[in-house]
Amino acid sequence: MLWKIAYTVFVLLIVEIWRRHYGWRNLLWFSDIALIGAVPAWWFESAAITSVLAVAVLLPELLWNVDFVLRLALRRRVTGLTDYMFEPERPRLLRGLSLFHVPLPFLLLWLLAEYGYDASVGLPGAIMLGAVVLPWSRMVSTPERNINWTHGLGARRSAWPAAAYVAALFAAFTVLVFVPTDYVLRVAFASAS
């Protein structure tokens, strides 16, 4: 119970600080949705919520962690996912709070171990989440904020029409992130039970 309360307070703190500094739109990042969504998943002990969040973000979060560790170890840019963590003009508090990316995949895996993987909801839920969040991110973000890369990959802006680019991005998330993650979780949790 103490951990649930501590995590909930931590998330509320992050949400308020980011809302004030970045605005509410920043909370549309998939990783922020998973950070926030883990609160009800944990309190309600919901395999369904946890499964959707895990399928949506587990792979990108693990990649974020690899990029961050390699950036620290090699002292050079690797993928660019964590560039903002090394911008000296960004306040240390904001960079420090962004370290939530480090434990988030492990929290999701622990929640899955506790409540199980709901294969009937994980993939369809992640696809529905992507279908809502990606167009919404494009509508409310700017090319500079580029929430969920809906204006282009990293600093590279897409020359495609907005609808075509977001549709291609959605297809890429589905095929390269959601489907493989669902497959791995199905196999891992089928063998675990």
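Just above, that's the structure.
Reading the values: the criteria
- Residues numbered from 1 in each chain as written.
- Predicted model: local features only at pLDDT ≥ 70, side-chain atom pairs only at ≥ 80, totals over all residues.
- Heavy atoms only, no water.
- Helix = DSSP H or I, 4+ residues; strand = E, 2+ residues; numbered from the N terminus.
- Buried < 20%, exposed > 50% of the residue type's maximum accessible area, 1.4 Å probe, protein only.
- Contact = heavy atoms within 4.5 Å.
- Areas by Shrake-Rupley, 256 points an atom, 1.4 Å probe, with all protein chains shown as cover.
- Lys, Arg positive; Asp, Glu negative; His and termini not counted.
- Charge placed at Lys NZ, Arg CZ, Asp CG, Glu CD.
- Patch = residues over 30% accessible without salt bridge, like charges linked within 9 Å, V, L, I, M, F, W, Y side chains within 5 Å.
- Salt bridge = Lys/Arg side-chain N within 4 Å of Asp/Glu carboxyl O.
- Polar contact = N/O pair within 3.5 Å; in protein donor to acceptor, adjacent residues only side chain to side chain.
- 1 Å grid on protein atoms, 1.4 Å probe; cavity = no way out; pocket = protein on both sides within 12 Å on 5 of 7 lines; lining within 4 Å.
- Points joined across faces, edges and corners; volume = space filled by probe spheres on them.
- Nonpolar A, V, L, I, M, F, W, Y, C, P; charged D, E, K, R; others polar.
- Phe/Tyr/Trp six-rings, centres within 6.5 Å; stacked < 30°, edge-to-face > 60°.
- Axes fitted to C-alpha atoms, helices over the stretch in contact; angles between N-to-C directions.
- Parallel < 35°, antiparallel > 145°, perpendicular 65-115°, else oblique.
- Left-handed = near helix turned anticlockwise from the far one by under 90°.

1. Some thoughts on the overall build of the chain
Each helix and strand counted, the chain has 7 helices and 0 strands in total. Listed by position from the N terminus, the elements making up the chain come as α-α-α-α-α-α-α. Referenced to the eigenvectors of the C-alpha coordinate spread, the extents of the chain come out at roughly 45 × 40 × 35 Å. Buried positions account for 41% of the 193 residues belonging to the chain. Of the contacts made within the chain by residues no fewer than 6 positions apart, 66% connect residues no fewer than 24 positions apart. Just so you have it, the chain exposes about 10500 Å², and 70% of that area is on carbon and sulfur atoms. With 16 positive and 12 negative side-chain charges, the chain shows a spacing of 9 Å between the two charge centroids.

2. Examining a nonpolar patch on the surface
Taken together, the side chains of M1, I5, V9, W43, F44 and I49 present a nonpolar region at the surface, about 620 Å² in accessible area. Within the fold, I5 resides in helix α1 (residues 2-22). In this structure I5 comes out as partly exposed when scored by relative accessible area, which is 40%.

3. What about the environment of D83?
When you line up the elements, D83 lands in the loop between α3 (47-74) and α4 (92-97). Along the backbone, D83 and V69 are 14 residues apart, and their C-alpha atoms lie at a distance of 12 Å. Engagement of the side chain of D83 in a polar contact is seen with the side chain of R71, the distance being 2.8 Å. Looking at D83, its side chain comes within polar contact range of the side chain of R77, at 2.7 Å.

4. Remarks on the layout of surface pockets
In this structure, the largest pocket encloses a volume near 1300 Å³. Lining the largest pocket are 40 residues, and of these W29, G80, L81, Y84 and W149 sit closest to its centre. Looking at the lining of the largest pocket, the elements that each hand over two or more residues are α1, α2 (30-43), α3 and α7 (162-192). At 7 residues, α3 tops the list of elements feeding residues into the lining of the largest pocket. Of the residues assigned to the lining of the largest pocket, the class counts are 22 nonpolar, 9 polar and 9 charged. Forming the boundary of the second largest pocket are W3, A6, Y7, F10, L35, W42, F100, P103, L104 and L107. Sorting the residues of the lining of the second largest pocket by element identifies α1, α2 and α5 (104-115) as the ones contributing at least two each.

5. Describing the packing of aromatic side chains
Inspection of every chain in the model, using the stated rule, returns 13 aromatic pairs. Measuring from centroid to centroid gives 6.5 Å for W160 and Y165, while their planes differ by 80°, and the two rings are edge-to-face. A relative accessible area of 9% means that Y165 is categorised as buried. Put simply, the rings of W29, F30, W149, F173 and F178 touch in pairs and so form one group of aromatic residues.

6. Some thoughts on the packing of α3 against α5
Each pair of packed helices can be described by the angle between their axes along with the distance between the axes. As a packed pair, α3 and α5 sit with axes 8 Å apart at the nearest point and diverge in direction by 150°. Taken as axis vectors, α3 and α5 run roughly antiparallel relative to one another. The element α3 and its partner α5 pack so that their crossing is left-handed. In this structure, α3 contributes A47, T50, S51, L53, A54, V57, L58, E61, L62 and N65 to the contact, and α5 contributes L104, P105, L108, L109, L111, L112 and Y115. Classifying every residue of the contact of α3 with α5 by side-chain character gives 13 nonpolar, 3 polar and 1 charged.

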